[in-house]
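# Overview (structure and organization)
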Amino acid sequence: MIKNHRVLITSALPYINGIKHLGNLVGSMLTADVFARFQRARGRETLFVGATDEHGSTTELAALEAGQDVVTFCAEQHAAQADVCRRFGISWDHFGRSSNRPNRELTQHFARALWRNGHLELRTTQQVYSNADKRFLSDRYVIGTCPHCGYANARGDQCENCTRVLDPADLIGPRSAISGSSDLEVRPSTHLFLKQSQFVPQLREWIAGKTDWPVLVTSIANKWLDEGLHDRGITRDVEWGVPVPDDIGDGKLKGKVFYVWFDAPIEYIGATWEWAEANNRGDEWKRWWFGAAASDVTYFQFMGKDNIPFHTVGFPVTLMGSHEPWKLVDQLKGFNYINYFGGKFSTSQHRGVFMDTALEILPADYWRYYLIANAPEGSDSNFTWDHFAAVVNKDLADVLGNFVNRITKFCVSRFDGRVPGEGTYGPQERALIAELQQRVQTYTEHFEALEFRKAAAELRAIWVGGNEYLTRTAPWTTIKTDRERAAAAVRLGLNLVHTFAHLSWPIIPTAARTIHETIQPVTGNAAVIPWPSLDMAEELDQLEAGQSIQAADVLFAKITDEQIAEWTERFGGSE
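Numbers given to residues run from 1 along each chain, matching the order in which its sequence is written. Given that the model is predicted, a residue must reach a pLDDT of at least 70 before its local features are reported, and side-chain atom pairs must reach 80 or more before they are shown or counted; all residues, however, enter totals for whole chains, interfaces and linings. Only heavy atoms go into the side-chain values, all of them from the structure, while hydrogens and water stay out.

## Section: the environment of Asp380
Along the chain, Asp380 falls in the loop between helix 11 (364–373) and strand 17 (381–383). Judged by its relative accessible area of 34%, Asp380 is partly exposed. Along the sequence, Asp380 and Gly342 sit 38 residues apart, while their C-alpha atoms lie 9.7 Å from each other. Contact criterion: two residues are considered in contact whenever any of their non-hydrogen atoms come within 4.5 Å of each other. Ignoring sequence-local partners within four residues, the contact set of Asp380 consists of Lys305, Asn336, Tyr337 and Asn339. Among the polar contacts made by the side chain of Asp380, one reaches the side chain of Lys305 at a distance of 3.3 Å. Polar contacts here mean pairs of N or O atoms no more than 3.5 Å apart (in protein, one a potential hydrogen donor and the other a potential acceptor; neighbouring residues in sequence count only if both atoms are side-chain atoms). Of the polar contacts made by the side chain of Asp380, one reaches the backbone nitrogen of Tyr337; its length is 2.9 Å. In DSSP terms, a helix is any run of H or I states spanning at least four residues, a strand is any run of E spanning at least two, and both are numbered starting from the N terminus. Between buried and exposed lies partly exposed: a residue is buried under 20% and exposed over 50% of the maximum accessible area for its type, with that area taken using a 1.4 Å probe on protein chains only.

## Observations regarding the nonpolar core
Core analysis: the largest hydrophobic core is formed by 109 residues, its most contacted members being Phe88, Val353, Trp367, Phe383, Trp385, Phe388 and Phe452. When residues in this core are grouped by element, the largest group, 14 residues, is from helix 12 (residues 385–414). Here, nonpolar core means buried Ala, Val, Leu, Ile, Met, Phe, Trp, Tyr and Cys residues that are tied together by side-chain atoms lying within 4.5 Å of each other. Residues Val200, Trp285, Phe315 and Leu332 belong to the second largest nonpolar core, which totals 57 residues.

## A few points about the pairing of strand 3 (residues 94–97)
Both faces of the sheet carry side chains from a regular strand, because those side chains alternate between them. Alternating residues of strand 3 divide into His94 and Gly96 and Phe95 and Arg97, and every residue in both groups is buried. Pairing between strands is defined by DSSP: at least two bridges between them are needed. Of the pairings in the sheet, the one linking strand 2 (residues 45–52) to strand 3 comprises four bridges and is parallel in character. Among the inter-strand pairings, Val49 is bridged to a residue of strand 3, identified as His94.

## Describing the packing of aromatic side chains
Here the distance between the centres and the angle between the planes together describe a pair of aromatic rings. For Phe, Tyr and Trp, where Trp contributes only its six-membered ring, two rings pair if their centres lie within 6.5 Å, and the inter-plane angle classes them as stacked under 30 degrees, edge-to-face over 60, or tilted in between. A complete count under the given rule lists 40 aromatic pairs for this structure. Plain terms: the ring middles of Phe302 and Phe452 are 6.1 Å apart, the flat faces sit at 65 degrees to each other, and that makes the pair edge-to-face. Taken together, the residues span a long stretch of sequence, with Phe302 in strand 13 (residues 297–304) and Phe452 in helix 14 (residues 452–473) at a distance of 150 residues. Grouping residues by exposure puts Phe302 and Phe452 together as buried. The interplanar angle of 75 degrees and the centroid separation of 5.3 Å between the aromatic rings of Tyr366 and Phe556 together place this pair among those described as edge-to-face. Here Tyr366, found in helix 11, pairs with Phe556, found in the loop between helix 18 (536–539) and helix 19 (561–571); they are 190 residues apart in sequence, far enough to count as distant. There is no split in this pair, since Tyr366 and Phe556 are both buried.

## Brief notes about the sheet that holds strand 15 (residues 338–340)
With mixed pairing, the three strands of this open sheet are ordered in space as 16-15-17. The strands lining the two open edges of the sheet, one partner per strand, are strand 16 (343–344) and strand 17.

## Some thoughts on helix 7 (residues 260–278)
The axis of helix 7 is deflected most strongly, by about 40 degrees, at Tyr268. By the criterion of burial, helix 7 is predominantly enclosed, with 16 of the 19 residues buried. Looking one or two residues beyond helix 7, the residue adopting positive phi is Asn280, at roughly 55 degrees. What is called the bend at a residue is the angle between a pair of axes, fitted to the seven residues leading up to and ending at it and to the seven starting from it.

Shown next, in the form of structure tokens:
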């Protein structure tokens, strides 16, 4: 899948309005982070950028509700999201802001190019105005019943239930999302429209060439094209956004800003520009995005299925329509939803577990492992507290934690905390090495193929293989009659601990570091733990005889029935 050595990774931008829930996390930021860590571990030059998506009427209204001006609100929310993502181990090389100068300049640049190339035109539209709120309502602030699926709280831009793109006029029983008033009227307003319909043949050809994209992604993209791709308004009557320059639209767009869905994807490039400025790298951001300099880059995007249309149609049309050699995505990984007790996680409805409260009750690695192991790839997945506890207790506590704990403690108690050099590997060791040779190769291939759930299952199988080996060889019993045989088993077990740390780092980086340091220190706070050798005979014979090791403390505490009951009460259950 990696055609080139350099890897560019972006995840759907978290909206500025509030801390994200676990569904947002696994559907974009976490999986992108795991993949970025894997690529760094493989030694590839990797750039992973993210940003907060800050513009639009939603932000204006949220700031108003918070009693803050919009600039202050966004600055505080950006800092809060950057902090919680850092605590979750999201390892962005840069986490920018769509309201920063680079994105403003780039958005205006693309708009000018599209206007110059004839892909934009002025159209006077009928726009919803709320008499009760005394303001124009953006599409998403008109709510009503979806005409396609009957969802009662569909927004005027898109139904989050069936993902259909809508106009406010499509809704049954429209009302203001601000006041709930149905006292709405339609007034004329002039806007810029992006002529997406011109790009259908080009988009079809481009998407048809993505034969290794997930079916979820290509099916949604082709559904849009098959249903007829409509031209899209890309300006709005709000104040907070990237201003439309006076040289676009013959001066008829004064006071208008670009639609947030037009400028937000451009921030992927903007965040890269911010990264270059923050690190005194000049124009190096162009090396990742523009022309021949970016020809050796493989570009990956990660997002939930509701974002797929904007990244398979809207953003590509912006890049294609510029008639400039910008980098298009190579691999787009889309995810289904993770549900909370059968219902959707929802930021607006405060339903489910959110990133900040998740970290109040357990460290990040508990959540990271569970979410990757249950990533909603082939279909929606479902979160319950019982299932979460069962996975954590079995996989992390009983399998991985127990293995590391018992082999390191036994080494300390019976071999003075040093890697024993006695004995040689025999048939049981060779059998395990052969098994892991295949499993580690398969695990690596799953990551390369962006198959996260399969990767987590293979990692667990690798941990299980180590436990079964210790059960078979039982060095704590064998040492009574054959010290050399026990020593060989302990030496292999300690090599397994070392290898487990390397293999686990992309998914559970904090625990992996702790595991690694029972064997040997990791240099530097942000050090990459490299991918192990794919030659398991070599990998499992790396530790030198006499090397000092430490006994591991409890890595993962088991979740109790009392905690499950407490959290169900706090966060809600099936009701």
